[in-house]
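An overview of the molecular structure
One letter stands for each residue in the lines below.
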Amino acid sequence: MLDAHSVKPLYEQIKDHILRAIEKGVYEAGSRIPSERALSEKYGVNRMTVKKALDELVQMGYLDVRIGKGTYVSRPKIDQQLTALTSFTEDMAKRGQSASSRVLVAGYVPADVQEARILNIDPMTPLVFLIRVRLADDTPIAVERTKIIASYCHQIVEMYDFTRDSLYGVLRNVYGVHLAYAEQSIEARRATAEEAKLLQIEIGEPILQITRVTFSDGDKPIEYVRSAYCGARYKFQALLRNL
Ligand code: 16G
């Protein structure tokens, strides 16, 4: 199965072989692959060679090591198109997954100087403040910290339960707020201890930090969101046209 005379090192050949098995569904997403020992017997190489192949596949995101349990084929990431202003609930519905949230904070805070500048309001203006862990089919995907100018949505915190309700849905259907567009940036960083706990990942794992300012009609900024998306479970896609 392996070619000892090839210029390609044995561990690379094993990597290719395992990758092909993942692509063909021989090793299915979420399933456990054979142990290092079983693979070294299968390929007739020592365990270090197998380990090197597996380590690289883990680094590349194709496999996950679960300590004490074994090595598993990673599940495909959720991919979000960067083309339209949509909500988490809508994104999950489109994929046939159910969206829910763990609400950590739901209340009101006065705008600080930075928020006031971003939202074009006076400091101390009341803001709705929500911190939610967003879940897709019960898997934590992101921690979102949302601030919205409270005068747009009187008593929203008292009246709605954001474990199930969609914030954008309520703004649109109840308060008649039309969200026109958003400015968004995406940066890479490592998970903090708090995020690691909330997202059920290890401290230091990759995070996509997203900052979004959402505008209603008339170019009025109304929402300021800072979110930490789990890099292993989420990716963004965009179609780029040559202008
Ligand atoms: C998305 C938005 C977030 C918005 C939320 C509303 C990103 C990065 N963030 O998660 O800004 O507050 O949707 O979701 O896309 P909801 O209507 O499901 O509560």
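Residues numbered from 1 in each chain as written. Predicted model: local features only at pLDDT ≥ 70, side-chain atom pairs only at ≥ 80, totals over all residues. Heavy atoms only, no water.

Focus: the confidence of the model for the chain
One rule of thumb: low pLDDT means the predicted coordinates there are not for detailed reading. A residue-level look at the chain finds 100% of positions with pLDDT of 70 or above and a mean pLDDT of 94. Here strand E3 (residues 78–81) stands out as the least confident element of the chain, with mean pLDDT 84; helix H5 (residues 113–119) is the most confident, with 98. (pLDDT = per-residue confidence, 0-100. Helix = DSSP H or I, 4+ residues; strand = E, 2+ residues; numbered from the N terminus.)

Some thoughts on the pattern of salt bridges
One pass over the structure, following the stated rule, counts 12 salt bridges. As a salt-bridge pair, Asp 55 and Lys 51 come within 3.0 Å of each other at their nearest N and O atoms. Taken together, the residues span about one helical turn, with Asp 55 and Lys 51 both in helix H3 (residues 47–59) at a distance of four residues. Close ionic contact of Arg 172 with Glu 90 constitutes a salt bridge, the shortest N to O distance being 3.6 Å. Residue Arg 172 is found in helix H7 (residues 167–173), and its partner Glu 90 is found in helix H4 (residues 88–94); the two are separated by 82 residues along the sequence. According to the relative accessible area criterion, Arg 172 is partly exposed, its value standing at 43%. Overlapping salt bridges bring together Glu 12, Lys 15 and Glu 56 as one network. (Salt bridge = Lys/Arg side-chain N within 4 Å of Asp/Glu carboxyl O. Buried < 20%, exposed > 50% of the residue type's maximum accessible area, 1.4 Å probe, protein only.)

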